[in-house]
Every structure is written in structure tokens, then in C-alpha cells.
Amino acid sequence: MDVFPAGHPLLQAQQLKHTFRTGRCALQSVNVTIHAGEMVAIIGRNGAGKTTLTKHFNGLLKPTAGTVLVGGQDTRRVSVAQLARTVSYVFQNPDHQIFHGRLFDEVAFGPRNLGLSGKELDQRVASALDAVNLAAYVDRDPAELSRGQRKRATIASVLAMKTPVLILDEPTSGQDYQESRQIMAILQQLHQQGHTILLITHDMELVQEQAQRVLVLGDGQLLLDGSPDELFRQASLLQIAGLRRPPIIDLQHRLEELGLTASVPTAESLAAALASRIQQGPSVHVDPTPGRNAACP
Amino acid sequence: MPKITIDNLSFAYPDTSTEALKEIQLTIEPGEFVAITGATGAGKSTLLRCINGIIPHFQPGTLQGAVYLETSAGRSAVGRVSTPHLARYIGSVFDDPEGQIVSPIVEEEIAFALENTGVDPTQMDERIQHALDDCGIAHLRQHPTNRLSGGQKQRVAIAAALALAPSILILDEPTSELDPDGTEAVLHVLSELHRQRGITVIIVEQKINLLAPLCDRLVLMDQGRIVLEGPPRQVLRQADVFTQLGIELPVPARLMHALVKEGALPPLDSPGAPPVPLTVDEAYTLSQALLTGS
Ligand SMILES: Nc1ncnc2c1ncn2[C@@H]1O[C@H](COP(=O)(O)OP(=O)(O)OP(=O)(O)O)[C@@H](O)[C@H]1O
Ligand SMILES: Nc1ncnc2c1ncn2[C@@H]1O[C@H](COP(=O)(O)OP(=O)(O)OP(=O)(O)O)[C@@H](O)[C@H]1O
Ligand SMILES: [Mg+2]
Ligand SMILES: [Mg+2]
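Residues numbered from 1 in each chain as written. Chains lettered and ligands numbered in written order. Predicted model: local features only at pLDDT ≥ 70, side-chain atom pairs only at ≥ 80, totals over all residues. Heavy atoms only, no water.

- The name that an unreviewed UniProt entry assigns to chain B is Energy-coupling factor transport system ATP-binding protein, with the source organism given as Heliophilum fasciatum.
- A UniProt comment under Subcellular location (unreviewed entry) is attached to chain B, and it reads "Cell membrane".
- The record held by UniProt for chain B lists under Sequence similarities (unreviewed entry) the comment "Belongs to the ABC transporter superfamily." (UniProt positions renumbered as here; feature names shortened; annotations may be inferred.)

- As annotated in an unreviewed UniProt entry, chain A is Energy-coupling factor transport system ATP-binding protein from Heliophilum fasciatum.
- As stated in UniProt under Subcellular location (unreviewed entry), the record for chain A gives "Cell membrane".
- You can read under Sequence similarities (unreviewed entry) in the UniProt record for chain A the words "Belongs to the ABC transporter superfamily."

Put into C-alpha cells, the structure is as follows:
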């Protein structure tokens, strides 16, 4: 990974357009640069172009106009197999990705292509399956796993690759809270180690908690490139892009109407603020109008 | 409108050592809105498959106990009812929407569902339009189904099930790939259908913060068993079970539990304890009442 020092422009879309053969223009002139070592969330409505955009970074789709560079190389001039050494990808639908009859072989497929074998291969597979809690299923047919387990199997495949860039299309869909936080912890750890992580998600809580940078797509255009805080302050953008504030942010905004604040909003910190206000005795400043909704459009 | 009785149901997939479902006992009244949640592999989809008849009609395995459908005409085990007959009562959205779609064009996919159940052709157009509108995909009516985004495909599968307006609607994580707006819209439509037409809704979801205010009953599953079930306000009192299972307690309920810990509210099982808030609005109202001392 020393080929891409932190901060180096690693994934670049320049005036990227993609028009499908149906005539549908799914990306219209997108400009974005992802630097080595970044962790970026991509969000937006169904059909906004999130998957179309990220598939340009592993070369599965080529621009119909404009340019996409991966590690400085034009994706039109590099084979998908070659790009796979830099970028690994978790598909939105796990069943588009899984094609082996045994989980071990499924996860070993990528590393084998990188030339790994023997003990090292075994270790890679074992630790990747362990990370996603599927070690017990190593000899099972992935087709016989539950949907959420299949999704985690495809995440294991990518973890075993250890490529500089990981792109994950909705990695936590179908996972429960603990499982999705576990997946995010693994990704954060990789991020700490210098990997560049791009993830598509519809989970706003996850965006708020985990992303440093958010790209909001709408109708094939980049509507915002900023921080989660910036995003959740822009009511009109949230509406246009079909997004919601996470419930905790909503609650924080509502309780601000009652004069309650917490620097890091959690249910617990807000409750503590409320409890200490109650101890100070009945408040004089409270607006008694019930159900007032000023903070949430 | 049939009642569903699940009586001591256990199920094991072929060649597996552990049962995917263990001694499930559950009665779902006609017109109930039931939300089921739990970790991956907990058995949620398997349970739905036992209710809509995929198990045992299409999926082999070892089944003990039974699922019964009960109407005024009598009671029969799902395994003994023919699948075309089941299809008259039950509409399903599977966890794999793409695998469910069979038609090349969106409109045909909805029409296909309707034709199969003998809907009057003169009503067809309106039913299709309505279902597409409800799922926010009216603009995709003539679109090829294999050239849709993931969330668009999921919306098509939901629209096909909604168009049928069956007495029992079974949905397996129908919003897993939907954007926040679409998720709210679809859940709202389900809730309206349930309220206005008395349709039974059985939905598996991870987004219980959105389901809790809508459903009559919340069911938590873990390792093939039902661990906890009941009206949401009751279930959400048991924060410890949520923690133990790794299921997220919705923010409004968390606020209340934290207020109890802070001593600002009496323990939730004491008489006179206020009901658990299900929405941010309810949490706001509760906080306000505490501050004004009312
Ligand atoms: N193969 C294709 N041919 C034609 N149009 C397509 C194709 N794949 C996707 N589209 C269209 O391009 C647009 C962008 O699709 P894309 O899959 O990138 O959306 P997305 O943002 O990933 O949505 P989702 O959240 O539903 O996954 C959509 O309107 C979709 O209908
Ligand atoms: N076709 C199959 N053959 C063998 N085992 C299976 C099969 N389908 C599911 N299982 C196993 O049965 C258990 C329950 O699976 P099920 O699909 O019901 O879980 P789930 O709660 O729906 O999970 P998810 O949230 O991932 O969809 C899991 O351990 C799974 O691995
Ligand atoms: Mg997508
Ligand atoms: Mg499932």
C-alpha cells in the first residue's frame, strides 16, 4: 500500500457521465476525488446513481464521457483484473457475487487470484470469516446461508483481499444493529491501517456516527460533498435527496426547544441533561405548546 | 380473513444439525400488524416461509408441529392447502426481490401477479397504477425490470404484492435497500392498508424504530426461538433483552430507560409509570411534561 501515500488522489471522476444503452443518463458530469486513506459514505435516493458511480471505480463500468482514474490510471486502459489488485468490491446483491459451492472457496477466490496459496491463503480466509462471524460455516454451501449471512460472506471475500481500496455497496443492509456496528468496526480498523474505504448506505445513523465525508447523489449529480454535520443541517437538501436525520439528531433538535443540550447527543446524555434540569426545579422558559415541530420539517 | 396459528413449530433444513426454528408458538389474529426482528440467521425468513407455504411445498426439510390457517369454514394446516389456494389469501415479498421478479417490464410484473389471481381486466390498469404510485415508481412503469437499481427492484416486488391486496401480506425485509424516504412511504402504505382494509401484515424488519409506532405486536427472535413478543410499548420495556440480543433499542425508548436510571422517572414496571414513547414526538412530550412537572 505504500504505492498510495495518505492524501494521494486515488479515485478520480472527472466530468464523468454514464448513459446506459436504454438512453438513461445515470451520471451527469460528476467530479469527485477520493484521497488515499479516506473513509467516504455515498448516499441518496434509490436510482440516484450510487452503484453506477462506484462501479466506475472498479472498472465494471466505463465512462460514456469524461474520465475515471484509479491510482492515476485511466480505467479505460486497465483491465478489470488488474484493477482488482487495487480495488475490491462488495456488490449490493450478494447473489451477484457468490458463485462457489463452498464458503471457503468463495472467500479464497480473490486471494488465489492474487497468487496466494497454502498456509497464507488458509489464514487469510480463516481470519476474514472470523471477522464476519461465519467461521462455523466455512464448509457450507453459501447458497444455504440466510440473506444477511450471504452478505457478510461477500464482505469476508473482500476482507481477505486486503486491497488498498475497498468499496462496499450497502454492506450493512439486512444486518441487525450489533452486526452492522461490527462490520463498521472492521472497516474503521482497516481505515486506521491506511485503507481507503468507500461505502454506499441508506443508514443515516451510520453516516452520522462513522463517516468523515459524505457524497450525496441525486439524479446522477453530486448534490453535496461535505461532512455529516453539514448534511444534517441542510433541511432542504435532506428533502430533495429523500434523506432523514437520524432519530437521535431529531430528538436533540426537539429537546433544544426545551433548552436542553448535550455536546455529544445520545439518549443517555440527553436524559442526563433533562434530569439535571428537573433537579434545578420547574423551568420558567419552557414553551408549553405541545407537539411543536419547529426543528423538523 | 384467516387467523394464523403456529403450533409448536420446529424446522430443520436438510443435512443440517441445528434446527432453524425451535418450538415456535404464535397466534396472529385476523387484521393484526406483526413486526418480527432479530439477528441474521435467527430464523425470521424460515418462519415466514412456513407461514406462506414455501415450507413445506417447495423447500424440503424436517418439519414438526404446524401452521394453521383458520377461517369460518374451518382450520387447515398450510402444508395441506394447495399452493394456488394459499396464493388467494397470502401475498409475499421475499428477501430477494430480484429473484422474485419474472417479467421483462415493470408493468407486466404487476399485471402478472394480478392475472394469476383472476382480477377483473377492467380493474387492472387502475390497480397497477395505484400500486406503482404507492411505491414511488410510477415513472418506471415501462422500464425493463433487469435494468433497475437495487432499491427500484425492491419497490417493484412490493408493488406487485400490494396490487394483489391479499388478506395476509408477508414481507421479508422489504425496505432493506430502500432510501429513507421510500422506507417511510412503503411502511405508511402498509399501515394504511392494514388500518383501512383490515389486512394482516407480517413483516420482518431491522428498522424497528419505524415499525414500533405502526405495529400491534413486536416479536424478537434469536437462534430459532421467539425470545420476546407483545405490544411494542410492553416489549420495549425490556431493555435488557434488547441489549442481550444486540438489537437496537429505538431512541425514544432509550431516552425513557435513561431517564429511569437518572431517577427522573419511576421504574417502568411500577404502577403509574408513563407508557414507553415510540416516536420522537412522544419522547418530546414526555420530556416536556417532566420539565413542567405535570
Ligand atoms: N443496466 C442498466 N440499464 C439501464 N438503466 C440502468 C441500468 N442500471 C441502472 N439503471 C438506471 O440508472 C439509474 C441509477 O442506477 P443505480 O443502480 O446507480 O442507482 P442507485 O443509486 O445505486 O440506487 P439504489 O439505492 O436503488 O441501489 C437508475 O435510474 C436505474 O434505473
Ligand atoms: N436453504 C438452506 N439450507 C440450509 N440451511 C439454511 C437454509 N436457509 C437458511 N438456512 C439456515 O437456517 C438458519 C435460519 O435462516 P433464516 O434465513 O431463516 O434466517 P434469517 O433470520 O431470515 O436471517 P437474515 O436476517 O440473514 O435474513 C440460518 O442458520 C441459516 O444458515
Ligand atoms: Mg445501488
Ligand atoms: Mg432472512
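## Comments concerning the coordination of the magnesium ion (ligand 3)
Residue and element names in this part refer to chain A.
Link 1 in the chain: Those protein atoms acting as donors to the magnesium ion (ligand 3) are Thr51 (OG1) and Gln92 (OE1), and they sit at 2.0 to 2.2 Å. Residue Thr51 is found in helix α1 (residues 50–57), and its partner Gln92 is found in the loop between β6 (87–90) and α3 (103–113); the two are separated by 41 residues along the sequence.
Link 2 in the chain: Residue classification places Gln92 among the buried residues on the basis of a relative accessible area of 12%. (Donors = N, O, S within 2.8 Å, 3.2 Å for Na, K, Ca; no water. Helix = DSSP H or I, 4+ residues; strand = E, 2+ residues; numbered from the N terminus. Buried < 20%, exposed > 50% of the residue type's maximum accessible area, 1.4 Å probe, protein only.)

## A word on the sheet that holds strand β4 (residues 65–70) of chain A
All names here are of chain A.
Link 1 in the chain: A sheet is described by the order of its strands in space; here four strands give the open sequence β2-β1-β4-β5, paired in antiparallel fashion. Looking at the sheet topology across the chains shown, the edges are occupied by β2 (25–35) and β5 (73–74).
Link 2 in the chain: Bridging between strand β1 (residues 9–19) and β2 involves seven bridges; their strand directions are antiparallel. Paired with Gln12 across the bridge in β2 is Thr33.
Link 3 in the chain: Packed onto the sheet, α1 meets β1, β2 and β4 and runs at close to 125 degrees relative to β1. (Pairing = 2+ DSSP bridges. Contact = heavy atoms within 4.5 Å. Axes fitted to C-alpha atoms, helices over the stretch in contact; angles between N-to-C directions.)

## Some remarks on the UniProt feature "domain: ABC transporter" (unreviewed entry) in chain B
Link 1 in the chain: Under the UniProt annotation, "domain: ABC transporter" (unreviewed entry) lies at residues 4–248 of chain B.
Link 2 in the chain: For residues 4–248 of chain B, the helix share is 40%, the strand share is 26%, and the end-to-end C-alpha distance is 28 Å.

## Notes on the interface of chain A and chain B
Link 1 in the chain: With 57 residues of chain A in contact, the opposing surface of chain B contributes 45 residues.
Link 2 in the chain: It is Asn46, Arg147 and Arg244 of chain A that lose the most area in chain A upon contact with chain B, and together they represent 14% of the buried surface on that side.
Link 3 in the chain: Ionic pairing is found between Asp96 of chain B and Arg147 of chain A, a salt bridge with its closest N-O pair at 3.7 Å.
Link 4 in the chain: In this assembly, chain A and chain B are joined by 21 residue pairs in polar contact (both at pLDDT 80 or more).
Link 5 in the chain: When residues of the side of chain A that touches chain B are traced back to their parent elements, those giving at least two are α5 (147–159), α6 (177–192), α7 (204–210), α10 (247–256) and α11 (267–279) of chain A.
Link 6 in the chain: With nine residues, α11 of chain A is the largest single contributor of residues to the side of chain A that touches chain B. (Buried area = accessible area lost by both parts, 1.4 Å probe. Salt bridge = Lys/Arg side-chain N within 4 Å of Asp/Glu carboxyl O. Polar contact = N/O pair within 3.5 Å; in protein donor to acceptor, adjacent residues only side chain to side chain.)

## Topic: the domain arrangement of chain A
Accessible area lost during the coming together of the parts is what is often quoted as the interface size.
Link 1 in the chain: Partitioning chain A into structural domains gives domain 1 (9–86 + 163–244), domain 2 (102–159) and domain 3 (246–281).
Link 2 in the chain: Put simply, the middle of domain 2 of chain A and the middle of domain 3 of chain A, counted by C-alpha atoms, are 44 Å apart. (Domains from an automatic or database assignment.)

## Considering empty space enclosed by the protein
Residues and elements named next belong to chain A.
Link 1 in the chain: Tallying each qualifying case throughout the model produces one cavity of 30 Å³ or more.
Link 2 in the chain: Reported here for the largest cavity is a volume of approximately 30 Å³.
Link 3 in the chain: What lines the largest cavity is simply Met39, Val40, Ala41, Met184, Leu199, Leu206, Gln210 and Ala211.
Link 4 in the chain: The element contributing the most residues to the lining of the largest cavity is strand β3 (residues 39–44), with three residues. (1 Å grid on protein atoms, 1.4 Å probe; cavity = no way out; pocket = protein on both sides within 12 Å on 5 of 7 lines; lining within 4 Å. Points joined across faces, edges and corners; volume = space filled by probe spheres on them.)

## Side note on the pattern of salt bridges
Link 1 in the chain: Within this structure, the stated rule accounts for 31 salt bridges over all chains.
Link 2 in the chain: Taking the shortest distance from any N to any O, the salt bridge between Asp139 of chain A and Arg102 of chain A comes out at 3.0 Å. Of this pair, Asp139 of chain A sits in the loop between α4 (118–131) and α5 while Arg102 of chain A is found in the loop between β6 and α3, placing the two residues 37 residues apart along the sequence.
Link 3 in the chain: By relative accessible area, which is 33% here, Arg102 of chain A ends up partly exposed.
Link 4 in the chain: Notably, a salt bridge pairs Arg225 of chain B with Glu23 of chain B, separated by 3.6 Å at the nearest N-O pair. You can see Arg225 of chain B sitting in strand β10 (residues 225–230) and its partner Glu23 of chain B sitting in strand β2 (residues 21–28), a full 202 residues away along the chain.
Link 5 in the chain: Three or more residues joined by partner-sharing salt bridges are found here, namely Asp95, Arg147 and Arg150 of chain A together with Asp96 and Glu177 of chain B.

## Some points on unusual backbone geometry
Negative phi characterises most residues that are not glycine, and trans characterises most peptide bonds.
Link 1 in the chain: With an omega of 10 degrees, the peptide bond between Ile55 of chain B and Pro56 of chain B qualifies as cis.
Link 2 in the chain: We note that Asn133 of chain A has phi near 60 degrees; this positive angle belongs to a residue other than glycine.
Link 3 in the chain: With respect to the secondary-structure elements, Asn133 of chain A resides in the loop between α4 and α5.
Link 4 in the chain: Under the relative-accessibility criterion, Asn133 of chain A is labelled partly exposed at 45%.
Link 5 in the chain: At Asn8 of chain B, a position not held by glycine, the phi torsion is positive, near 50 degrees.
Link 6 in the chain: With respect to the helices and strands, Asn8 of chain B occurs in strand β1 (residues 3–12).
Link 7 in the chain: Accessibility expressed as a relative area gives 41% for Asn8 of chain B, which makes it partly exposed.

## Considerations on the pairing of strand β8 (residues 200–204) of chain B
Residues and elements named next belong to chain B.
Link 1 in the chain: For β8, the tally of buried residues reaches five of five residues, placing the bulk of the element in the interior.
Link 2 in the chain: As paired strands, strand β3 (residues 33–38) and β8 are joined by four bridges and run parallel to one another. Each bridged residue has a counterpart across the sheet, and for Ile36 the counterpart in β8 is Val204.

## A look at the site of ligand 2
Link 1 in the chain: For ligand 2, the set of nearby residues contains 22 residues, the closest of which are Ser146 and Gly148 of chain A together with Lys44, Ser45 and Thr46 of chain B.
Link 2 in the chain: Among the chains of the assembly, those with residues near ligand 2 are chains A and B.
Link 3 in the chain: Backbone polar atom of Gly43 of chain B to an oxygen atom of ligand 2: 2.9 Å apart, as the coordinates give it.
Link 4 in the chain: Contact distances for ligand 2 include 2.7 Å between an oxygen atom and a side-chain N or O atom of Lys44 of chain B.
Link 5 in the chain: Surface burial for ligand 2 is 91%, taken as the share of its 640 Å² of free accessible area covered by protein chains.
Link 6 in the chain: Mapped by element, the contributors of at least two residues to the shell around ligand 2 are α5 of chain A together with α1 (44–52) of chain B.
Link 7 in the chain: A class-by-class count of the residues in the shell around ligand 2 yields six nonpolar, 11 polar and five charged. (Near = heavy atom within 4 Å. Areas by Shrake-Rupley, 256 points an atom, 1.4 Å probe, with all protein chains shown as cover. Nonpolar A, V, L, I, M, F, W, Y, C, P; charged D, E, K, R; others polar.)

## What to know about the sheet that holds strand β5 (residues 74–77) of chain B
All names here are of chain B.
Link 1 in the chain: Across the sheet, four strands lie side by side as β2-β1-β4-β5; this open sheet has antiparallel pairing. Each edge of the open sheet is held by one strand with a lone partner, namely β2 and β5. Pairs of neighbouring strands in the sheet enclose a mean axial angle of 10 degrees, with direction left out of account.
Link 2 in the chain: Where β1 lies against β2, five bridges are found, and the strand directions are antiparallel. Across the sheet, the residue bridging to Leu9 is Ile24, located in β2.

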